[in-house]
Amino acid sequence: MSKHYALVIDDERDIRELLTLTLGRMGLMVETAATVAEARERLSERRYALCFTDMRLPDGSGQEIIAQIAAHYPETPVAMITAYGNVDAAVDALKAGAFDFVSKPVDISVLRRLVQTALKLSEEKRSEQTSSTGKLIGDSAPMNELRATIAKVARSQAPVYIAGESGTGKELVARLIHELGPRATAPFVPVNCGAIPSELMESEFFGHKRGSFTGAQADKDGLFHAAHGGTLFLDEVAELPMHMQVKLLRVIQEKAVRPIGARAEVGVDVRILSATHKNLARLVELGAFRQDLYYRINVIELRVPPLRERREDIPQLAARMLERLAAENGGVAARLMPDALDALRAHDFPGNVRELENVLERAVALCENNSIGVEDLRLLPAERTSAGAADARPGPLPPLPAAPVRTELRPPAWAPEPEADGYPNDLAAAVAETERAAIMKALDLTRWNRTAAAHHLGLTLRQLRYRLEKLGIE
């Protein structure tokens, strides 16, 4: 078996010797350089399985080395050696194309894990890329660009922020990044940040020790521990409360967690992928999301296009969904009639791929003779063009009517008797009834399509479901 070579670039002799000794024990042949000029000479002479470079060098910076390797030796993973706590330098290195970073003083266990992951990345061929990215259905330009970007970011260990509207397939994109990377055989752990109660978040993410709080009857590993060696996908990351944003930032920086009730931190090796349908940059401006955490998780931003920007993919998507529905029901796939296909192409799909799936599932149940006509889709007339031309742009759903402006405060007819000052006795009931009326109007306008109704109300689908349950609307 041929030897793997590693290149260590650092002007501190102690660091070069430590890395040479550690990497040598892992079976690597190590060569060193103390300057940028020496590093360039070494790189021109040999191909390396991985490279470590210090941030500051006598005749330049490690950023120059990273840029050169990214441009001329993209198959070589490179890690930046940074000063302890220098997060900005680490982020800059990852943006420049570094595989990962390691802080001084060097933690040997962290270094070993990094090397093992880097070697997998260097050795593995990406022959499975075509079949894996094939899960992203569609041959449009936006989808081809998305596949190419996924293949690139999968090779890095940098945090990736996946932006996109609800229903576009952000979790699928995260899974593909994981599957195409060196962590593919390790766990992929998805978590919806908006589905965990605030008071339970720390325990869920970091774990706890027995007896650390009431009800903690046994030790429990957290999500970071479950994803050790693999990928943690933080869906709806904008829903994290501020206290958890602070703790998450520390975990990402220090690569260690402290379970509730534990005396010491435990090292974790996890790649962070995050996503939300909200405008995270805007939330930072409003002070609802920490700027330092935003920059830390948004080292690489990947945008998933909405379905209305890739309408040419709708026939292929619809055919695949109908095949899946037929397989689940043990029958033959339903056929889309030409008028139905034209209507789907003209539809704006505020709920994106998820809404398309919902529409087709309903149409399969309603159609006759296994043929889906335009009437089986139950799309609103305003969401289709009359001719269904490919270049036509359908208009949006009609807006909800604005509530009438009251010139004086009067209780509605259903309210309890007012008190002497003229104000309603039960303000909460008045608010609830107003909310109920707005939701019912939205549901009526969208023919009880909850995804579309939530879109018009400015809510997420999860928020709308919560309000429906709260108000007793079935």
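Data block above holds the structure.
The notes below deal with the structure included here. Nothing here was measured: the structure is a model prediction, and the numbers come from that model.

Examining the overall build of the protein chain
Moving on, step 1. A count of helices and strands for the protein chain gives 20 helices and 16 strands.
Moving on, step 2. Taking all 474 residues of the protein chain together, the buried fraction comes to 45%.
Moving on, step 3. Intrachain contacts of the protein chain at a sequence separation of at least 6 include 69% that bridge at least 24 residues.
Moving on, step 4. Carbon and sulfur atoms provide 50% of the accessible area of the protein chain, an area that totals close to 23900 Å².

With respect to the sheet that holds strand β2 (residues 28-33)
Moving on, step 1. Spatial strand order, β2-β1-β3-β6-β7: 5 strands in an open sheet with parallel pairing. Each edge of the open sheet is held by one strand with a lone partner, namely β2 and β7 (100-103). The sheet shows a mean angle of 20° between the axes of neighbouring strands, taken without regard to direction.

Looking at the nonpolar core
Moving on, step 1. Of all hydrophobic cores here, the largest spans 45 residues; its most connected members are Ile150, Ile162, Val173, Ile177 and Leu302.
Moving on, step 2. Counting residues in each nonpolar core, the second largest holds 33 residues, with Leu248, Val257, Leu280 and Ile297 among its members.

Focus: the pattern of salt bridges
Moving on, step 1. Counted by the stated rule, this structure contains 23 salt bridges.
Moving on, step 2. Put simply, aspartate 10 and lysine 104 hold a salt bridge, and the shortest N to O gap is 3.6 Å. On the criterion of sequence distance, the pair formed by aspartate 10 in the loop between β1 (4-9) and α1 (13-25) and lysine 104 in the loop between β7 and α5 (108-123) is long-range, its members being 94 residues apart. In terms of burial, aspartate 10 and lysine 104 fall into one category: buried.
Moving on, step 3. The shortest N-O distance in the salt bridge between aspartate 292 and arginine 290 comes to 2.7 Å.
Moving on, step 4. Judged by relative accessible area, aspartate 292 falls into the partly exposed class, the value being 34%.

Description of the pairing of strand β8 (residues 160-163)
Moving on, step 1. Neither face of β8 is exposed, since Val160 and Ile162 on one face and Tyr161 and Ala163 on the opposite face are all buried.
Moving on, step 2. Direction of pairing for β8 relative to strand β14 (residues 300-303): parallel, over a ladder of 4 bridges. Bridging across to β14, tyrosine 161 finds its partner in glutamate 301.

Some words on the side chain of aspartate 269
Moving on, step 1. Within the secondary structure, aspartate 269 sits in the loop between β12 (266-267) and β13 (271-276).
Moving on, step 2. Exposure remark for aspartate 269: the relative accessible area of 15% places this residue in the buried category.
Moving on, step 3. In this structure the side chain of aspartate 269 is engaged in a polar contact, spanning 2.8 Å, whose partner is the side chain of arginine 183.
Moving on, step 4. Non-local contacts of aspartate 269, meaning those with residues more than four positions away in its chain, are made with Arg113, Thr117, Arg183, Ala227, His228, Gly229 and Gly230.

Observations regarding the sheet that holds β8
Moving on, step 1. An order of β9-β10-β13-β8-β14 is seen for the 5 strands of this open sheet, with the pairing classed as parallel. Each of the sheet's edge strands pairs with one partner strand only, and the pair in question is β9 (188-192) and β14. Here the strands of the sheet are splayed against their neighbours by 20° on average, with no regard to which way each runs.

Topic: the packing of helix α2 (residues 36-45) against helix α3 (residues 62-72)
Moving on, step 1. At a minimum axis separation of 10 Å, α2 and α3 run at an interaxial angle of 20°. When the axes of α2 and α3 are compared, the pair comes out roughly parallel. Considering the relative orientation of α2 and α3, their crossing is right-handed. Of the residues in α3, those touching α2 at Val36, Ala39, Arg40 and Leu43 are Glu64, Ile65, Gln68 and Ile69.
Moving on, step 2. For the contact of α2 with α3, the residue count by class is 5 nonpolar, 1 polar and 2 charged.

Quick notes on a negative patch on the surface
Moving on, step 1. Among the surface-exposed residues, Glu38, Glu41, Glu45 and Asp59 lie close enough to one another that they form a single negatively charged patch.
Moving on, step 2. Examined against the element boundaries, glutamate 45 turns out to sit in helix α2.
Moving on, step 3. Among the residues examined, glutamate 45 registers a relative accessible area of 55% and is labelled exposed.

Here we look at the side chain of glutamine 245
Moving on, step 1. Residue placement: glutamine 245 occurs in helix α11 (residues 242-254).
Moving on, step 2. Contacts of glutamine 245, omitting those with residues within four sequence positions, involve Leu240, Ala288, Phe289, Arg290 and Leu293.

Digging into the packing of aromatic side chains
Moving on, step 1. Enumeration according to the criterion identifies 5 aromatic pairs in this entry.
Moving on, step 2. Both rings, one in phenylalanine 205 and one in phenylalanine 224, keep their centres 6.3 Å apart while their planes meet at 45°; by these two values the pair is tilted. With phenylalanine 205 in helix α9 (residues 201-206) and phenylalanine 224 in helix α10 (residues 223-226), this pair connects stretches of sequence that are 19 residues apart. Taken as a pair, phenylalanine 205 and phenylalanine 224 share a single burial class, namely buried.

Criteria and cut-off values
- Residues numbered from 1 in each chain as written.
- Predicted model: local features only at pLDDT ≥ 70, side-chain atom pairs only at ≥ 80, totals over all residues.
- Heavy atoms only, no water.
- Helix = DSSP H or I, 4+ residues; strand = E, 2+ residues; numbered from the N terminus.
- Buried < 20%, exposed > 50% of the residue type's maximum accessible area, 1.4 Å probe, protein only.
- Contact = heavy atoms within 4.5 Å.
- Areas by Shrake-Rupley, 256 points an atom, 1.4 Å probe, with all protein chains shown as cover.
- Pairing = 2+ DSSP bridges.
- Axes fitted to C-alpha atoms, helices over the stretch in contact; angles between N-to-C directions.
- Core = buried A, V, L, I, M, F, W, Y, C linked by side-chain atoms within 4.5 Å.
- Salt bridge = Lys/Arg side-chain N within 4 Å of Asp/Glu carboxyl O.
- Polar contact = N/O pair within 3.5 Å; in protein donor to acceptor, adjacent residues only side chain to side chain.
- Parallel < 35°, antiparallel > 145°, perpendicular 65-115°, else oblique.
- Left-handed = near helix turned anticlockwise from the far one by under 90°.
- Nonpolar A, V, L, I, M, F, W, Y, C, P; charged D, E, K, R; others polar.
- Patch = residues over 30% accessible without salt bridge, like charges linked within 9 Å, V, L, I, M, F, W, Y side chains within 5 Å.
- Lys, Arg positive; Asp, Glu negative; His and termini not counted.
- Charge placed at Lys NZ, Arg CZ, Asp CG, Glu CD.
- Phe/Tyr/Trp six-rings, centres within 6.5 Å; stacked < 30°, edge-to-face > 60°.

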